[in-house]
Amino acid sequence: MDELMKDHDTKLIPLLNRTLDRLPDSILRPSYDRKALTPGIVHVGLGNFHRAHQAWYLHRLMQKGRALDWAIIGASVRHEDTAQRARLVAQDCLTTLIELDPSGTSAEVMGSLIGYLPIEDGHGALICQMSDPAIRIVSLTVTEGGYFLDPATKRFDPNHPDIQHDAANLNKPRTAFGAIVAALEARRAAGIGPFACQSCDNLPGNGTILREVVEGLARMADPALGAWVAQSVSFPNSMVDCIVPATGRKELDLSKRLGVADLAPVTHENFRQWVIEDDFCAGRPAWEDVGATLSDRVHDYEAMKLRILNGGHQIIAAPAELLGLETISDAMANTMIKSFLRKVALAEIAPHVPPLPGMTPAQYIDLIDQRFSNPAIHDTVRRVAFNGSSRHTGAVVPVIRDALSNGSDIEGLALSQALWAFMCLGRREDGSTIKPNDPAWDQLTRAASRTLSDPHEWLGQRQFYGTIGENARFADAFAAAHGALKTIGLEATLRSYLAK
């Protein structure tokens, strides 16, 4: 089987329902009877983030003896997740959550996930499970790039071949959204009410985007079905936040040091935030009783998080990658990169972020500084830099548009885009190679190469920048930043910017 499943130390306690009472006393474990749990949620995209975030909130409710009929059934539409499914099923879908904080490490076993559906062509098991009237929420973490959006407009692209296929073949869809529409059609035909569709991805207006995709695909398949979806299904917007590194050898070794043979442990920071629009057509767990915020200001919360945290990640990832730094905390230990982030965030991002109850943009920047600098979190620069073509356009480019519209400062934002362009050349400052790290890597590399002779080439990628490249003020600032990087190098360019 998978290499990680072969890695077993007989001295460790295997993570199973029957061994929970044998775990070290220092590890918290479910106090509820997992055999008594019944499903209420299907979650598509069972990665580390979901298990450290949404599943954790539900687990905390269950620890209070509540929401026992809201357990999660996991699912995936990607065959690449087959090994991960095998790992989780082998340990009764339990996960050790390891909190990493400079003051110390703590752990608990999360048990709100009770099953993981088979991954198969046509997604029959997934459609069947979602058709069950017991399922009242279908939630997703399929990444920012998984919603079949046009890169430039960030709107649903009905012409994608997979979407076209699903519209004509709902009985055997390729995508998660095709499976959702197929299940909604089955429920409508059976006279069963709909479930709520809940995106938990880092997208502005994630519920609105999910509505566009699901309703749009439903209308393509059957206009009457599309009308029923529009009238009956709810798509609450939400903002999610917790830094959750990928699991590798270091994380597996950490779970062993805790005495647990966990095949899929998850590490996370000592911070979580979940802001949810209260719009659920079939009910919901009382997440607000375990720390979630129910609010009609989700867009303001997500603006602060997406622009400062997610945008900040992209701002520091490119220079960190160019300097060969391994982790985000390594990047923050570099005085120039840390100062670059703070200056851009305070001077050029914060003016376009609304204050929230108990949190100004400046206070949030201080919080992000602290979180990014946590040396206990082994969050790699490569993970953060992955899919910059989606993450820059989702978190940084909207700020650029607002700054240009308002006539405010854009020099640091322009430098951040020039640094991204240099990163996409695939060479570090020391001459070593940056491996492909974006679905559009070949396209980005070609554009970055052309930009060396004509700086307008980079901003000419309208699928990412729209008409921003036609703005003379930004184009000139980008050209100046790119020229400085080309002639005097990264460190001298950063010093020059910071000295102004």
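What counts as what
- Residues numbered from 1 in each chain as written.
- Predicted model: local features only at pLDDT ≥ 70, side-chain atom pairs only at ≥ 80, totals over all residues.
- Heavy atoms only, no water.
- Phe/Tyr/Trp six-rings, centres within 6.5 Å; stacked < 30°, edge-to-face > 60°.
- Helix = DSSP H or I, 4+ residues; strand = E, 2+ residues; numbered from the N terminus.
- Lys NZ or Arg CZ within 6 Å of the ring centre and 35° of its normal.
- Core = buried A, V, L, I, M, F, W, Y, C linked by side-chain atoms within 4.5 Å.
- Buried < 20%, exposed > 50% of the residue type's maximum accessible area, 1.4 Å probe, protein only.
- Contact = heavy atoms within 4.5 Å.
- Salt bridge = Lys/Arg side-chain N within 4 Å of Asp/Glu carboxyl O.
- 1 Å grid on protein atoms, 1.4 Å probe; cavity = no way out; pocket = protein on both sides within 12 Å on 5 of 7 lines; lining within 4 Å.
- Points joined across faces, edges and corners; volume = space filled by probe spheres on them.
- Nonpolar A, V, L, I, M, F, W, Y, C, P; charged D, E, K, R; others polar.
- Axes fitted to C-alpha atoms, helices over the stretch in contact; angles between N-to-C directions.
- Parallel < 35°, antiparallel > 145°, perpendicular 65-115°, else oblique.
- Left-handed = near helix turned anticlockwise from the far one by under 90°.
- pLDDT = per-residue confidence, 0-100.
- Pairing = 2+ DSSP bridges.
- Expected span 1.5 Å × (residues − 1).
- Bend = angle between axes of the 7 residues up to and from the residue.

**Student:** Tell me about the packing of aromatic side chains, and please be specific about residues and values.
**Tutor:** Per the counting criterion, the structure on display carries 9 aromatic pairs. With a centroid separation of 4.8 Å and an interplanar angle of 50 degrees, the aromatic rings of Trp-274 and Trp-287 are classed as tilted. Here Trp-274 is found in strand β13 (residues 273–276), whereas its partner Trp-287 is found in the loop between β13 and β14 (293–294), with 13 residues between them in sequence. Aromatic rings pair up to connect Trp-56, Tyr-57, Trp-274, Phe-280 and Trp-287 into one cluster. Arg-272 extends its terminal NZ or CZ atom over the ring of Trp-56, reaching a point 3.8 Å from the ring centre. For the cation-ring pair, Lys-343 lies above Tyr-497, with the distance from its terminal atom to the ring centre recorded as 4.3 Å.

**Student:** With reference to specific residues and values, describe the nonpolar core.
**Tutor:** Core analysis: the biggest nonpolar cluster contains 88 residues, and Ile-316, Phe-372, Leu-413, Leu-419, Met-423, Trp-458 and Phe-474 have the highest contact counts within it. Setting aside its immediate chain neighbours within four residues, Phe-474 contacts Ile-400, Leu-404, Ile-410, Leu-413, Ala-414, Gln-417, Leu-459 and Ile-468. Grouped together as the second largest cluster of nonpolar side chains are 41 residues, Val-142, Leu-149, Ile-180 and Cys-197 included.

**Student:** Describe the environment of Asn-310, naming the residues involved and giving the relevant values.
**Tutor:** You can see Asn-310 is positioned in helix α11 (residues 298–322). Sequence spacing of Asn-310 and Gly-394 is 84 residues, and the spatial spacing of their C-alpha atoms is 8.7 Å. Contacts of Asn-310, omitting those with residues within four sequence positions, involve Asn-202, Lys-305 and Ala-395.

**Student:** How would you summarise the pattern of salt bridges if you had to cite specific residues and measurements?
**Tutor:** Enumeration over the complete set of coordinates arrives at 26 salt bridges. Here Asp-289 makes a salt bridge to Arg-66, at a shortest N to O gap of 2.7 Å. Note that Asp-289 is positioned in the loop between β13 and β14 and Arg-66 in the loop between α3 (54–63) and β4 (71–75), a separation of 223 residues in sequence. Its salt-bridge partner being Glu-215, residue Arg-219 comes within 3.2 Å of it at the nearest N-O pair. Of this pair, Arg-219 and Glu-215 both sit in helix α8 (residues 206–221), 4 residues apart, which is roughly one turn of that helix. You can call Arg-219 partly exposed: its relative accessible area is 39%. Through salt bridges with shared partners, a single ionic network connects Lys-338, Arg-342, Asp-366 and Asp-369.

**Student:** Mind laying out α3, listing which residues take part and the relevant values?
**Tutor:** Among the 10 residues in α3, 8 count as buried, and that is most of the element. The set of residues buried in α3 consists of Gln-54, Ala-55, Trp-56, Tyr-57, Leu-58, His-59, Leu-61 and Met-62. Phi turns positive, to about 80 degrees, at Gly-65, one or two residues after α3.

**Student:** Please set out empty space enclosed by the protein residue by residue, giving values where relevant.
**Tutor:** Under the definition given, this model contains 5 cavities of 30 Å³ or more. Contributing to the lining of the largest cavity are Ile-41, His-50, Gln-54, Leu-58, Ile-72, Ser-139, Gln-198, Cys-200, Trp-274 and Trp-287. Among the residues forming the lining of the largest cavity, the class breakdown is 6 nonpolar, 4 polar and no charged.

**Student:** Any details on the packing of α11 against helix α14 (residues 361–372)? Residues and values, ideally.
**Tutor:** Put simply, α11 and α14 touch, their axes get as near as 11 Å, and they point 45 degrees apart. One element, α11, and the other, α14, form an angle in the oblique class. α11 and α14 meet at a crossing whose hand is right-handed. Counting all contacts with α11, which are made through Met-304, Lys-305, Ile-308, Leu-309, Gly-312, His-313 and Ile-316, the residues of α14 involved are Pro-361, Tyr-364, Ile-365, Ile-368, Arg-371 and Phe-372. Here the contact of α11 with α14 is built from residues that sort into 9 nonpolar, 2 polar and 2 charged.

**Student:** Outline unusual backbone geometry, listing residues and values.
**Tutor:** One non-glycine residue with positive phi stands out, namely His-123, at about 55 degrees. Along the polypeptide, His-123 turns up in the loop between β7 (113–116) and α5 (124–131). By relative accessible area, His-123 is classed as buried at 6%. With phi around 60 degrees, Asn-387 is a residue other than glycine that occupies positive phi space. Tracing the backbone through its elements, the reader meets Asn-387 in the loop between α15 (381–385) and α16 (388–406). The class of Asn-387 is buried, set by a relative accessible area of 9%.

**Student:** Residue-level account of the confidence of the model for the protein chain, with values.
**Tutor:** For the protein chain, per-residue confidence averages 95 on the pLDDT scale, and residues scoring 70 or more make up 98% of the total. Low pLDDT, under 50, characterises residues 1–8; the stretch is placed with 16 contacts to residues that sit more than four places away or in other chains.

**Student:** Quick one: what's the story with the sheet that holds strand β5 (residues 95–101), residue by residue and with numbers?
**Tutor:** Strand order in this open sheet of 4 strands is β2-β6-β5-β12, and the pairing throughout is mixed. Two strands bound the open sheet, and with one partner strand each, they are β2 (27–28) and β12 (266–269). Bridging between β5 and β12 involves 4 bridges; their strand directions are parallel. Of the residues in β12, the one forming a bridge with Leu-100 is Glu-269. Packing against the sheet, α3 makes contact with β5 and β6 (104–110), and its axis sits at approximately 75 degrees to β6.

**Student:** Report on the environment of Leu-46, specifying residues and quantitative values.
**Tutor:** Topologically, Leu-46 is positioned in the loop between β3 (39–44) and α2 (48–52). Residues Leu-46 and Val-142, 96 residues apart in the sequence, show an inter-C-alpha distance of 8.7 Å. Those residues in contact with Leu-46 that sit more than four places away from it in its chain are Arg-51, Gly-74, Ala-75, Gln-84, Leu-88, Leu-113 and Tyr-116.

**Student:** Before we move on, can you summarise the packing of helix α13 (residues 335–349) against helix α17 (residues 411–423) with the specific residues and values?
**Tutor:** Two elements in contact, α13 and α17, have axes separated by 8 Å at closest approach and are oriented at 130 degrees. It follows from the interaxial angle that α13 and α17 lie oblique. Taking contact as the criterion, the partners of Phe-340, Val-344, Glu-348 and Ile-349 in α13 are, on α17, Glu-411, Gly-412, Leu-413, Leu-415, Ser-416 and Leu-419. A per-class count over the contact of α13 with α17 returns 6 nonpolar, 2 polar and 2 charged.

**Student:** Help me get a handle on α16, residues and values and all.
**Tutor:** The first and last C-alpha atoms of α16 sit 25 Å apart over 19 residues, in line with the 27 Å expected at 1.5 Å per residue. Where α16 bends most, at Val-396, the angle is about 40 degrees, and the proline Pro-398 comes one to four residues later. Burial analysis of α16 places 14 of its 19 residues in the buried class, the great majority of the element. Following α16 by one or two positions, Gly-407 has its phi on the positive side, about 70 degrees.

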